[in-house]
Amino acid sequence: MCSYLLDGSREQPSSEQLEEQFARAMSKLDGAEGPLSVKLYTSGSFLDPEEVQLSARASILARLRNDQRIQQVVIESRPEFVSDENMIQLRNLLGEREIELGVGLESSSDFIRRICINKGFSTENFRRALETARAHDIGIRAYVLVKPPFLTERDALLDSVKTARDAAAMGVTTVSFNPVNVQKYTLVERMWSKGEYRPPWLWTVLEVLRQSRESLPRSVDIVCDPVAAGKGRGTHNCGKCDDLLTASVRLFSLTQEITDLGGVDCECLPLWRHILEHEDSSLLVHDDLRSNPEQRL
Ligand SMILES: [Zn+2]
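Residues numbered from 1 in each chain as written. Predicted model: local features only at pLDDT ≥ 70, side-chain atom pairs only at ≥ 80, totals over all residues. Heavy atoms only, no water.

Novice: Residues and numbers for the sheet that holds strand β2 (residues 70-76), please.
Specialist: Strand order in the open sheet formed by six strands is β1-β2-β3-β4-β5-β6, with parallel pairing between adjacent strands. Of all the strands in the sheet, the pair left with one neighbour each is β1 (36-40) and β6 (221-224). Neighbouring strand axes in the sheet, compared pairwise and without regard to direction, differ in orientation by 25 degrees on average. (Pairing = 2+ DSSP bridges. Helix = DSSP H or I, 4+ residues; strand = E, 2+ residues; numbered from the N terminus. Axes fitted to C-alpha atoms, helices over the stretch in contact; angles between N-to-C directions.)

Okay, here's the thing in structure tokens:
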């Protein structure tokens, strides 16, 4: 569902180009007062030397260190790059600042991560990365995917909440929910165009946030900034309640107050409840039936 491979097929940028791009982005903070939080979202692994050359990494981190306004730095990485060596470098270069590593756990189920997402690492790899980071007082922000393909709405809801609980039990500092959005030239787009995939309902996202907030310790932040919310390719409801509910999700991400979620009564709510109860079970299970239109459920 991710267009990363497509994005990455262009020519590899040079270290200088990355440093320039970073300097340009940072110049937007001119005049801003601290304390600031800087997130380096690379849509990949900042700590992978093939994606971000070591010279670019050192230069970017040094620039962050020299900016006294910056209190927190968040970077993204796959777990295999969370080594003692890399954590020591981050600590040395960023000093006492709060550091969080965003890692795409997606689901705490190895089966779902392997079959539905094709991510290529295990929950055990994630747990080890978390412990390595923690030894250097570096936190982990777990990205959790809401409704990967091949899951029903109900299974997606259950999996997201369970993943948040499992991630909190392992010791993550933040859980960030990412509802799937349909990107171009992906398998998900193909399924979506044939009516075989629907991005998660906003009601599902709200319920995931509510149940997670109720069961996770307050020390773990829960955030969600949905892409393409209210649009056909993103998390959406009926069109009438989407804007207000999306705003409530964004507000909740700042306040962490369950009472900020929802607050809208819409006629599409009973339909969502009906789907949670009656939607056909997993497409994985019924794939053989689906090939015969006569028997399609
Ligand atoms: Zn509605």
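Now that the structure has been shown, the text picks up again.
Novice: Give me the lowdown on the nonpolar core, citing residues and values where you can.
Specialist: Formed by 66 residues in total, the largest nonpolar core has its most connected members in L64, L101, F126, F177 and W203. Excluding residues within four positions of it along the chain, W203 makes contact with N237, C241, L245, V264, C266, C268, L269 and W272. Counting twelve residues, the second largest nonpolar core, distinct from the first, contains I117, L151, A156 and V180. (Core = buried A, V, L, I, M, F, W, Y, C linked by side-chain atoms within 4.5 Å. Buried < 20%, exposed > 50% of the residue type's maximum accessible area, 1.4 Å probe, protein only. Contact = heavy atoms within 4.5 Å.)

Novice: Got a sec to walk through unusual backbone geometry? Specific residues and values, please.
Specialist: Look at the link from G34 to P35: it is a cis peptide, with omega at -5 degrees. With respect to the helices and strands, the residue P35 is situated in the loop between α2 (15-27) and β1. The backbone of N118 sits at a positive phi, close to 65 degrees, despite the residue not being glycine. Residue position: N118 is located in the loop between α5 (110-117) and α6 (123-134). For N118, a relative accessible area of 66% translates into the label exposed. Of note in the backbone geometry, Q256 takes a positive phi value of approximately 65 degrees without being a glycine. Its place among the elements puts Q256 in the loop between α10 (242-255) and α11 (269-278).

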